[in-house]
Amino acid sequence: MEARIKTFPKTHLIGKRMCMSFKNNTTQLLWKEFMPLRNTIENTKGNDLFSMQIYPPNFLDTIDYEAQFEKWATKAVKHFDVIPEGMETFTIPEGLYAVFYYIGDAKDAGAVFQFILKTWIPNSIYHLDDRPHFEILGDKYKKDSPESEEDIWIPIK
């Protein structure tokens, strides 16, 4: 699996978030709550959806399956002038990312993340950075499909 190294620009997001752990993963519930409201977000930048994770410092060094992190379901916006009720804002700062193109069902992506964190990063010149991790779910993303396509963005320095 090859990585593209890209600088991601500062990006404003509006969406919903939940605290969860890998053991008690409530991602489906988060997206179930977000999807009916996504079209209430004004001033969007494109149609892509962002699935974002905010991990505490050193969270991925030794993964504790019961440790909490934030998961977000969002859309990019031009500004925060109008925030729909029940939604929150987040700004991803500009930064360097390793971007991996993934084809397959999201439930099978664990092996890809293991490869990135346990093989690709240790064998690269890069280190994980303490910034948001996210996946961009574009037009070719198909929920629960082995033909689904998405980009996985891993913050590096």
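Quantities reported herein were computed from a predicted structural model and do not represent experimental measurements.

Caption draft 1: Main features of the nonpolar core. Judged by nonpolar contacts, the single largest core of 29 residues is most densely connected at Phe-34, Phe-100, Ile-116 and Ile-152. Looking at this core, the elements with two or more residues in it are β2 (11–20), α1 (27–34), β4 (69–77), β6 (95–103), α2 (110–120) and β8 (149–155). The leading source of residues in this core is α2, at four residues. Counting residues in hydrophobic clusters, the runner-up holds 12 residues, among them Phe-50, Met-52, Ile-136 and Trp-153.

Caption draft 2: Representation of α2 within the structure. Residues of α2 that are buried: Val-112, Ile-116, Leu-117 and Trp-120. For α2, the arc enclosing every buried residue in end-on projection is 125°, short of the 170-degree limit, so these residues lie on one face. On its buried face, α2 sits against β1 (3–8), β6 and β8.

Caption draft 3: Representation of the sheet that holds β6 in the model. Spatial ordering of the open sheet is given by β1-β6-β8-β7-β3-β4-β2-β5, a layout of eight strands whose pairing is antiparallel. Edge positions in the open sheet fall to β1 and β5 (88–92), since each of these has one partner strand only. Taking each pair of neighbouring strands and ignoring which way they run, the sheet shows an average axis angle of 35°. Inspection of the sheet shows β2 paired to β4 by nine bridges, in the antiparallel sense. The residue bridging Met-18 from the neighbouring strand is Lys-71, located in β4.

Caption draft 4: Broad picture of the pairing of strand β7 (residues 133–137). Within β7, five of the five residues are buried, which leaves it mostly tucked inside the rest of the structure. Covered by surrounding structure in β7 are His-133, Glu-135 and Leu-137 together with Phe-134 and Ile-136, the residues of both alternating faces. Sheet topology places β7 next to β8; three bridges connect them, and they run antiparallel. Residue Ile-136 lies in a different strand from β8, and its bridge partner there is Asp-151.

Calculation rules
Residues numbered from 1 in each chain as written. Predicted model: local features only at pLDDT ≥ 70, side-chain atom pairs only at ≥ 80, totals over all residues. Heavy atoms only, no water. Core = buried A, V, L, I, M, F, W, Y, C linked by side-chain atoms within 4.5 Å. Buried < 20%, exposed > 50% of the residue type's maximum accessible area, 1.4 Å probe, protein only. Helix = DSSP H or I, 4+ residues; strand = E, 2+ residues; numbered from the N terminus. Arc of directions from axis to C-beta. Contact = heavy atoms within 4.5 Å. Pairing = 2+ DSSP bridges. Axes fitted to C-alpha atoms, helices over the stretch in contact; angles between N-to-C directions.

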